[in-house]
Protein chains: 2
Amino acid sequence: MGSMVGLKNRLEPEIKNVAQTEGVTEEFVARGVEAGRIVIPRNPIHSPKACGIGEGLSVKVNVNVGTSRDRVEVEEEMEKVQISLKYGADALMDLSTGGDIDSIRKRILSECTIPVGTVPIYQTGIRLARKGAVVDMTEDDIFNGIIQHAKDGVDFMTVHCGITKELVDRLKRSPRVTGVVSRGGSFLVAWILHNEMENPLYKNFDYLLELAKEYEFTLSLGDGIRPGSTNDATDGPQINELINLGELVHRCRDAGVQAMVEGPGHVPMNQIEANVRLEKRICDHAPFYVLGPLVTDIAPGYDHIVGAIGGAYAAWKGADFLCYVTPAEHLSLPTPEDVKEGLIASKIAAHAADLALGRGGDRDLRMSQARKDLNWGAMYEEAIDEEKARAYRSRGITNEDEGCSMCGDVCAIKIVNEYLKNRS
Amino acid sequence: MGSMVGLKNRLEPEIKNVAQTEGVTEEFVARGVEAGRIVIPRNPIHSPKACGIGEGLSVKVNVNVGTSRDRVEVEEEMEKVQISLKYGADALMDLSTGGDIDSIRKRILSECTIPVGTVPIYQTGIRLARKGAVVDMTEDDIFNGIIQHAKDGVDFMTVHCGITKELVDRLKRSPRVTGVVSRGGSFLVAWILHNEMENPLYKNFDYLLELAKEYEFTLSLGDGIRPGSTNDATDGPQINELINLGELVHRCRDAGVQAMVEGPGHVPMNQIEANVRLEKRICDHAPFYVLGPLVTDIAPGYDHIVGAIGGAYAAWKGADFLCYVTPAEHLSLPTPEDVKEGLIASKIAAHAADLALGRGGDRDLRMSQARKDLNWGAMYEEAIDEEKARAYRSRGITNEDEGCSMCGDVCAIKIVNEYLKNRS
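It should be emphasised that the depicted structure is a prediction, and the values quoted were computed from it without experimental measurement. (Residues numbered from 1 in each chain as written. Chains lettered and ligands numbered in written order. Predicted model: local features only at pLDDT ≥ 70, side-chain atom pairs only at ≥ 80, totals over all residues. Heavy atoms only, no water.)

Okay, the interface of chain B and chain A next. Across the contact, 100 residues belong to chain B and 101 residues belong to chain A. Summing both partners gives a buried area of about 8900 Å² for chain B against chain A, and 68% of it is carried by carbon and sulfur. For the pair chain B and chain A, the number of links is two salt bridges. Among the ionic pairs, A:Arg395 bridges to B:Asp338, the shortest N-O distance being 2.9 Å. At the boundary of chain B and chain A, one finds 24 residue pairs in polar contact (both at pLDDT 80 or more). With 12 residues, the single largest contributor to the side of chain B that touches chain A is helix H15 (residues 336–356) of chain B. (Contact = heavy atoms within 4.5 Å. Buried area = accessible area lost by both parts, 1.4 Å probe. Salt bridge = Lys/Arg side-chain N within 4 Å of Asp/Glu carboxyl O. Polar contact = N/O pair within 3.5 Å; in protein donor to acceptor, adjacent residues only side chain to side chain. Helix = DSSP H or I, 4+ residues; strand = E, 2+ residues; numbered from the N terminus.)

Next up, the structure:
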């Protein structure tokens, strides 16, 4: 616990900023950081806007950007970064796997004022794949990738430390439909199967902690065995990995290293609360960072909506950090427009959860009062996407000071406002 | 109860069809109809495809179409009807308030193979508004409107019978932010305030029951006092109206008339389950037909997503019938594209709820198996919107038999499939 006190002291300015933004006391944030229930990802080389993630704070949203092998349009990725900032992303991950990955990451870090995360093993695996095979990665390759990202200023890194040799054996015995769907997870599962050796990130976890402490990056303990279908949700291999991660969370705290835990994935609604409660119990209230969750498998093209349903519910039940999902999920690399749609869907989910937890309702109240007053200017101001609201509205042809264009002259609000005003 | 037996007998063919579609026994459906826990809206003049709504059946979705004063494009409305049929709407309401409302309704009834609902008081109110004032409607005007719709073959009608003089007094005393936002509700509240008389639909409810019995339409007991903002959700006036509707449900059953109950509206997530449980208790398990619910007020332009979050959760907790919400909600009349987006969001919500309740998972399983096999043809076949999935996919440039275009060569599924196949 002494190490966490040191961490708390190092993060003093960030703790102050988070307290201000969230409207809670500094002591509350400091206690959360010390207990490992709140993380504030920040690498001093990047030094992003302070973003607190965890218990008692508002729900945060992460956007993924990055090139693929097939599509390396750096300017388009930078446009996605700008869209993410404009529409209020709290953090951004660069998942580039194509082109000059180093220079793209540096560019993103230089333009991105919010915390930036990466999955270093992508770059390492792809570099080796270009030379021959992912499974030829050495332990040094893996750790050198992490060091490189740390030196560039990456604030948080996904590391799939919970995948063990034993877990891969269990996976072989399991009746899963979709096997392993995490990219980083699949690299390590393949590596373990091919080399018949233990996962280097698990075996050398103490070394990883030394690096995290030295460079001050936050660990995002990845769920490489997360379910890839609602059918596989909450199964033995998934929960076994979570148990492994729970042990590692305690080692992070002993070392004074900030850590959050990643979660699924594809999960039907009736299993989401159990997933959150398990994480909170087994990982001793480490911040829970979920991908979606996706509450059905059948809606490719609309997975941002599927993820918003799952994310809103998960966050209400205690998930702290939502990784957005775009309409392009399962189909193609998202365009800038997809990034915007995915981010807004996720922001809606986060806000709906905050509202259910008694936070953030002032904005809804202001919007509702503006609606009652038929004050379109004030409505646009409170809208999550002012431009879209204006565009939809401008299609109608009713005067701005009338009701919405649905009803025209027979606006419900107008009729009763008039009567209640005169009569009460 | 004798009357409900008669109803059950009249609906014998429909009960058979519903049982087949839902994969339950005819006895189960018959008992539900007799108990008033399942409705099968059908006017013999229209005779739509049998659609069962209620306990133990899959969640159903309704689409609203119709002209407004400002926009009377009949062909566009008919395009919306075709889109609704194509993407699997279970019922459709014609809410036209502009142009030749009678002929539009007749056209919709003639082309629409699923149950069609209306809110007759819209037309009545607007006809009177054109002549002078909504509040000049007579009791005869109101009931003649209902009779006209019944004779045209309308399968279910929203009737705001629960708004009473006493309730309007209560409303005047309430600190609501958004007052009355239901159009039909506002007509009747205004009428009561102006005429200082009891709501004709409440006062003459027995006459309404006679009409419903004679013409065999289903009553959808409207929630004219539903909250128009999360701030107003689950307040005294809303629940008071629900209590009134609960009493009317019993009178429907005594008369052998099918009835469902409409519900909100704007409701934060943490109040949705209470709303469902209250309706089920107070209205003795009458099918619950909710609008959204919308779990935040701040996302105009994205209310289909807001409604999908609320609808999925409400349906999981027992709501039976979801009225869709389009991205144009609160802003303008929806376009055909908005209708499609709203319907699909609502279908996703309904399916997510079904899945959480243990229904409909076969399709998710088939999709997931297709994903594991990288079988794109099978994926498209199971997709809720095959065209959109194909369009997103075709933006990628990877070969069809490879992984999704996100990862290109380094597809997680491919790598591990290969290893697990060779090794296990």
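That was the structure; now back to the text.
Further remarks concern the sheet that holds strand S4 (residues 91–94) of chain B. Residue and element names in this part refer to chain B. One closed barrel holds the eight strands; their spatial order is S3-S4-S5-S6-S7-S8-S9-S10, and the pairing between them is parallel. Put simply, the sheet's adjacent strands are angled 25° from each other on average, direction ignored. Pairing geometry for strand S5 (residues 116–118) and strand S6 (residues 156–159), over two bridges, is parallel. Within S6, the residue paired with threonine 118 across the bridge is methionine 157. (Pairing = 2+ DSSP bridges. Axes fitted to C-alpha atoms, helices over the stretch in contact; angles between N-to-C directions.)

On to the UniProt feature "binding site: Zn(2+)" (unreviewed entry) in chain A, then. Residues and elements named next belong to chain A. Per the UniProt record, "binding site: Zn(2+)" (unreviewed entry) is annotated on His266 and His330. Spatially, the listed residues are clustered: although they cover 65 residues, their C-alpha atoms lie within 12.0 Å of one another. Among the secondary structure elements, histidine 266 is positioned in the loop between strand S8 (259–263) and helix H13 (269–282). By secondary structure assignment, the location of histidine 330 is in the loop between strand S10 (321–323) and helix H15 (336–356). Within the local environment of histidine 330, its side chain forms a polar contact with the side chain of aspartate 303, the two groups lying 2.7 Å apart. (UniProt positions renumbered as here; feature names shortened; annotations may be inferred.)

All names here are of chain A. Strands sit in the order S3-S4-S5-S6-S7-S8-S9-S10 around a closed barrel of eight strands; the barrel is parallel. The mean angle between the axes of side-by-side strands here comes to 25°, regardless of whether they run parallel or antiparallel. Pairing geometry for strand S6 (residues 156–159) and strand S7 (residues 218–221), over four bridges, is parallel. The residue of S7 that forms the bridge with valine 159 is leucine 221. Strands S6 and S7 of the sheet are contacted by helix H11 (residues 205–215), whose axis makes an angle of about 140° with S7.

This part covers the packing of helix H4 (residues 74–86) of chain A against helix H5 (residues 101–111) of chain A. Residues and elements named next belong to chain A. Where H4 meets H5, the axes come as close as 11 Å, and the angle between the chain directions of the two elements is 30°. In this view, H4 runs roughly parallel relative to H5, as classed from their interaxial angle. Every pair of crossing elements has a handedness; the one defined by H4 and H5 is right-handed. Taking contact as the criterion, the partners of Val74, Glu75, Met78, Val81, Gln82 and Leu85 in H4 are, on H5, Ile104, Arg107, Ile108 and Glu111. Tallied by class, residues from the contact of H4 with H5 come to six nonpolar, one polar and three charged. (Parallel < 35°, antiparallel > 145°, perpendicular 65-115°, else oblique. Left-handed = near helix turned anticlockwise from the far one by under 90°. Nonpolar A, V, L, I, M, F, W, Y, C, P; charged D, E, K, R; others polar.)

A few words on the environment of B:His46. Residues and elements named next belong to chain B. Considering the arrangement of structural elements, one finds histidine 46 in the loop between strand S1 (38–39) and strand S2 (53–54). Along the backbone, histidine 46 and leucine 333 are 287 residues apart, and their C-alpha atoms lie at a distance of 27 Å. In this structure the side chain of histidine 46 is engaged in a polar contact, spanning 2.7 Å, whose partner is the backbone oxygen of cysteine 112.

A few words now on the pairing of strand S9 (residues 288–291) of chain B. Residues and elements named next belong to chain B. Here strand S8 (residues 259–263) pairs with S9 via three bridges, running parallel. Opposite glycine 263, over in S9, you have valine 290 as the bridge partner. On the question of chirality, the crossover connecting S8 to the parallel S9 by way of helix H13 (residues 269–282) is right-handed. Bridging between S9 and strand S10 (residues 321–323) involves three bridges; their strand directions are parallel. Within S10, the position partnered with valine 290 by the bridge is leucine 322. (Right-handed = clockwise from strand over helix to strand, strands pointing away.)

With that out of the way, let us pick up helix H4 (residues 74–86) of chain B. Taking 1.5 Å as the rise per residue, H4(B) with 13 residues should run 18 Å; its terminal C-alpha atoms sit 18 Å apart, in good agreement. Looking one or two places after H4(B), you find B:Gly88, whose phi comes out positive at around 85°. (Expected span 1.5 Å × (residues − 1).)

Inspection of the entire model under this criterion finds 61 salt bridges over all chains. Here B:Lys8 makes a salt bridge to B:Glu34, at a shortest N to O gap of 3.0 Å. Here B:Lys8, found in helix H1 (residues 2–10), pairs with B:Glu34, found in helix H3 (residues 26–35); they are 26 residues apart in sequence, far enough to count as distant. Ionic pairing is found between B:Glu387 and B:Lys86, a salt bridge with its closest N-O pair at 2.8 Å. A residue pair is termed long-range when its members are at least 10 positions apart, and B:Glu387 in helix H18 (residues 386–395) and B:Lys86 in helix H4 qualify at 301 residues. Here the salt bridges do not stand alone but share partners, grouping A:Arg10, A:Glu14, A:Arg42 and A:Glu216 into one network.

What follows is about helix H14 (residues 303–316) of chain B. In an α-helix there are 3.6 residues to a turn, and that puts residues three or four apart on one side. All names here are of chain B. Its 14 residues give H14 an end-to-end C-alpha distance of 20 Å, which sits within 8% of 20 Å, the value for a rise of 1.5 Å per residue. Among the 14 residues in H14, 14 count as buried, and that is most of the element. Note on H14: the residue one or two positions beyond its end, glycine 318, has a positive phi of about 130°. (Buried < 20%, exposed > 50% of the residue type's maximum accessible area, 1.4 Å probe, protein only.)

The next point concerns the relation of the copies chain B and chain A. Expressed as a screw transformation, the operator carrying chain B onto chain A has a rotation angle of 180° and an axial translation of 0.0 Å, and the superposed copies differ by an RMSD of 0.0 Å. These values place the two chain copies in the arrangement generated by a two-fold rotation axis. When each C-alpha of chain B is compared by its distance to the rotation axis, B:Ile309 comes out closest, at 2.2 Å. (Least-squares fit on C-alpha atoms with pLDDT ≥ 70 in both.)

Residue and element names in this part refer to chain A. Domain boundaries in chain A define domain 1 (59–356) and domain 2 (361–423). Averaged C-alpha coordinates put domain 1 and domain 2 at centres separated by 40 Å. Contact with domain 1, which involves nine residues of that partner, is made by six residues of domain 2. The contact between domain 1 and domain 2 buries some 600 Å² in all, and 52% of this surface belongs to carbon and sulfur atoms. Of all residues in domain 1, the largest losses of buried area upon contact with domain 2 belong to Tyr87, His351 and Leu355, amounting jointly to 47% of the total for that side. Remark: the boundary between domain 1 and domain 2 carries three salt bridges. Inspection of the domain 1/domain 2 interface yields four residue pairs in polar contact (both at pLDDT 80 or more). (Domains from an automatic or database assignment.)

In this chain, A:Pro264 is followed by A:Gly265 through a cis amide linkage whose omega measures 15°. Relative to the elements of secondary structure, A:Gly265 occurs in the loop between S8 and H13. Here B:Gly292 and B:Pro293 are connected by a cis peptide whose omega angle stands at -15°. Positioned with a positive phi, A:Glu196 is a non-glycine residue whose angle comes to about 50°.

Confidence in the prediction for chain A averages 94 pLDDT; 95% of positions are at 70 or higher. The ipTM value of the predicted complex is 0.95, and its pTM value is 0.96. (pLDDT = per-residue confidence, 0-100.)

Residues and elements named next belong to chain A. The N-to-C vectors of helix H7 (residues 139–152) and H11 enclose an angle of 10°; their axes lie 10 Å apart at closest approach. If you check the angle between H7 and H11, you find them roughly parallel. Contacts between H7 and H11 involve Phe143, Ile146, Ile147, Ala150 and Lys151 from the first element and Tyr207, Leu208, Leu211 and Tyr215 from the second. Classifying every residue of the contact of H7 with H11 by side-chain character gives eight nonpolar, no polar and one charged.

For the rest of this paragraph, the subject is the environment of B:Arg251. Residues and elements named next belong to chain B. With respect to the secondary-structure elements, arginine 251 resides in helix H12 (residues 236–255). Between the C-alpha atom of arginine 251 and that of aspartate 206, which follows or precedes it by 45 residues, the distance is 8.3 Å. Setting aside chain neighbours within four positions, we find arginine 251 in contact with Phe205, Asp206 and Leu209.

Next up on the list: the side chain of B:Asp94. All names here are of chain B. With respect to the helices and strands, the residue aspartate 94 is situated in strand S4. Within the structure, aspartate 94 has its side chain in polar contact with the side chain of serine 96 (distance 2.7 Å). Contacts of aspartate 94, omitting those with residues within four sequence positions, involve Val65, Gly66, Ile104, Arg105, Ile108, Gly117, Thr118 and Val119.

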